[in-house]
Amino acid sequence: MKSEKLRILVTGANGLLGQKLVNALKRDPEVELFASGKGESRLPKAWDGSYHWISIDVSDKGQVENAFAEIQPHTLIHTAAMTQVDDCEKDKEGCWNANVIAVANLVAAAEVYQTHFVHVSTDFIFDGENGPYTEDADPNPVNFYGWSKLAAERLVMKAKTPWAIARTILVYGIAQDMSRSNIILWVKKSLEQGKTIQVVNDQWRTPTLAEDLADGCILIAKKGATGVFNISGKDLLTPYQMAVMTADYFGLDKGLIQESNSRLFTQPAKRPPKTGFIIDKAVRDLGYAPKSFSDGIGILAKQLILAES
Ligand SMILES: NC(=O)C1=CN([C@@H]2O[C@H](COP(=O)(O)OP(=O)(O)OC[C@H]3O[C@@H](n4cnc5c(N)ncnc54)[C@H](OP(=O)(O)O)[C@@H]3O)[C@@H](O)[C@H]2O)C=CC1
Ligand SMILES: Cc1cn([C@H]2C[C@H](O)[C@@H](COP(=O)(O)OP(=O)(O)O[C@H]3O[C@@H](C)C(=O)[C@@H](O)[C@H]3O)O2)c(=O)[nH]c1=O
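Residues numbered from 1 in each chain as written. Chains lettered and ligands numbered in written order. Predicted model: local features only at pLDDT ≥ 70, side-chain atom pairs only at ≥ 80, totals over all residues.

You'll find the protein entered in an unreviewed UniProt entry as dTDP-4-dehydrorhamnose reductase, with Mariniradius saccharolyticus AK6 given as the organism. The annotation that UniProt attaches to the protein under Sequence similarities (unreviewed entry) is "Belongs to the dTDP-4-dehydrorhamnose reductase family." Entered under Catalytic activity (unreviewed entry) in the UniProt record, the comment concerning the protein runs "dTDP-beta-L-rhamnose + NADP(+) = dTDP-4-dehydro-beta-L-rhamnose + NADPH + H(+)". (UniProt positions renumbered as here; feature names shortened; annotations may be inferred.)

### A closer look at the overall build of the protein
Within the protein, the regular secondary structure consists of ten helices and eleven strands. The C-alpha extent of the protein, read off along each of the three principal axes, is 60 × 45 × 40 Å. The long-range share in the protein, meaning contacts at least 24 apart out of those at least 6 apart in sequence, stands at 80%. (Helix = DSSP H or I, 4+ residues; strand = E, 2+ residues; numbered from the N terminus. Contact = placed C-beta atoms within 7 Å.)

### Quick word on the site of ligand 2
Near ligand 2, the surroundings consist of 16 residues, among which Thr122, Leu170, Val199, Val200 and Pro239 are the closest. Considering only residue class, the shell around ligand 2 consists of ten nonpolar, four polar and two charged. (Near = placed C-beta within 6 Å. Nonpolar A, V, L, I, M, F, W, Y, C, P; charged D, E, K, R; others polar.)

### Section: the site of ligand 1
The environment of ligand 1 is formed by 28 residues, the closest being Gly12, Gly15, Leu17, Ala80 and Ala81. Only helix 1 (16-25), helix 4 (92-113) and strand 5 (116-122) provide two or more residues apiece to the shell around ligand 1. Among the elements that line the shell around ligand 1, the one with the most residues is helix 1, at three residues. Residues that form the shell around ligand 1 fall into these classes: twelve nonpolar, twelve polar and four charged.

### Comments concerning the sheet that holds strand 3 (residues 52-55)
Spatially, the seven strands line up as an open sheet ordered 3-2-1-4-5-6-10, and their pairing is parallel. This sheet does not close on itself; its edge strands, each paired only once, are strand 3 and strand 10 (227-230). Each strand of the sheet is rotated relative to its neighbour by a mean of 20 degrees, with strand direction disregarded. As paired elements, strand 2 (residues 31-37) and strand 3 share four bridges and run parallel to each other. Opposite Phe34, over in strand 3, you have His52 as the bridge partner. In the packing of helix 5 (residues 144-157) onto the sheet, contacts are made with strand 5 and strand 6 (163-168), and the angle to strand 5 comes to roughly 160 degrees. (Pairing = 2+ DSSP bridges. Axes fitted to C-alpha atoms, helices over the stretch in contact; angles between N-to-C directions.)

### A few points about the environment of Ala247
Here Ala247 shows up in helix 8 (residues 239-250). Looking at Ala247, the number of C-beta atoms within 10 Å reads 20, which means it is buried. Separated by 59 residues in the primary sequence, Ala247 and Lys188 place their C-alpha atoms 6.9 Å from one another. Not counting the four nearest positions on each side in its chain, Ala247 is found in contact with Val187, Leu191, Leu252, Asp253, Lys254 and Ile257. (Buried ≥ 20, exposed ≤ 12 C-beta atoms within 10 Å, placed from the backbone.)

### Some words on unusual backbone geometry
Across the junction of Gly131 and Pro132, the peptide omega takes the value 0 degrees, indicating a cis bond. Phi at Gln72 is positive, roughly 45 degrees, even though this residue is not glycine. Here Gln72 lies in the loop between helix 2 (61-71) and strand 4 (75-78).

### With respect to the confidence of the model for the protein
When the pLDDT values of the protein are averaged, the result is 96; 98% of them are 70 or greater. The ipTM for the predicted assembly is 0.98, set against a pTM of 0.97. (pLDDT = per-residue confidence, 0-100.)

### What about the packing of helix 6 (residues 183-192) against helix 8?
Where helix 6 meets helix 8, the axes come as close as 9 Å, and the angle between the chain directions of the two elements is 60 degrees. Judged by the angle between their axes, helix 6 and helix 8 are oblique. Here the hand of the crossing between helix 6 and helix 8 comes out right-handed. Taking contact as the criterion, the partners of Ile183, Ile184, Val187, Lys188 and Leu191 in helix 6 are, on helix 8, Pro239, Met242, Ala243, Thr246, Ala247 and Phe250. Here the contact of helix 6 with helix 8 is built from residues that sort into nine nonpolar, one polar and one charged. (Parallel < 35°, antiparallel > 145°, perpendicular 65-115°, else oblique. Left-handed = near helix turned anticlockwise from the far one by under 90°.)

Here it is, written out as structure tokens:
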């Protein structure tokens, strides 16, 4: 017989957000947690049985169907995705499989069990011409990753099961064996190695501490909330400002940070110039309370010290 606890299935649990969700939920007495990822777990083993691990490649329909039949989750928090924006531009088929086909598979399974589908999405569904955005702004992606995440949102919005979309922006934090880096980590590492970096001053974001994003997803899950929620940080900053704040915090050489712009510094996939989110709805309806970027750097710094000790 299944327990009376809220059965939550997390996809992408080897990822940055996935690991933060597992940390936050594994000792929650109201929750029975099923953490899943493609293949083996890269998380610390749950010797104490605080959560279950299940291997699910979400782009494989059979694996998704089997997992849902076994777990019959009340709630799905879907974090898995191909998140390397430049890789998505180069490998469009791989990106579509991971970001869109996977969501079609999960929606079909969630409809069978009437699972509350909490889907994680991105500011990159917008063109960045008039941020910061509210939840009802019109999407218009400028790169393939953004198109794939928009296609996924549209599948979720049509689902015949309760659904919520948590949109977020430029997530930073530290986890084990990370599959992608983030702005604080690459700035810190480059400056420590004495490398000069060019950082743009003409893009704006509201960067998000990974723990805050996990909290936002958990608030949505536990409240059974439905609809779209902006779950990001609250400070609108340029990457250049973020880099300088990172250098200041860690006492690194700011002289290595060269102020650049999107004309001089280009990446394979175009980035939207000014995104950022207005988070009033999540604050009001969910009680979401994210940290400032400077407090977030401090939290990450403490975690780095612990990880290195
Ligand atoms: N990071 C950011 O700045 C932002 C992220 N988001 C969204 O937030 C969510 C979480 O991102 P984040 O945790 O930062 O990203 P990560 O890249 O850290 O984690 C994503 C995880 O998804 C897994 N994954 C990829 N394909 C599959 C698959 N077919 N089956 C199962 N797992 C798969 C990856 O596995 P593996 O590790 O084995 O490759 C990885 O562990 C994503 O949906 C992303 O689009 C939105 C805005 C900003
Ligand atoms: C690597 C690099 C980036 N930048 C800028 C460009 C960009 O706006 C910002 C962050 O660049 P990154 O390549 O680290 O991250 P990026 O891939 O742009 O991050 C995105 O990831 C996906 C998953 C999302 O959904 C988005 O919300 C967004 O956060 O920093 C520089 O100015 N100089 C550099 O050397």
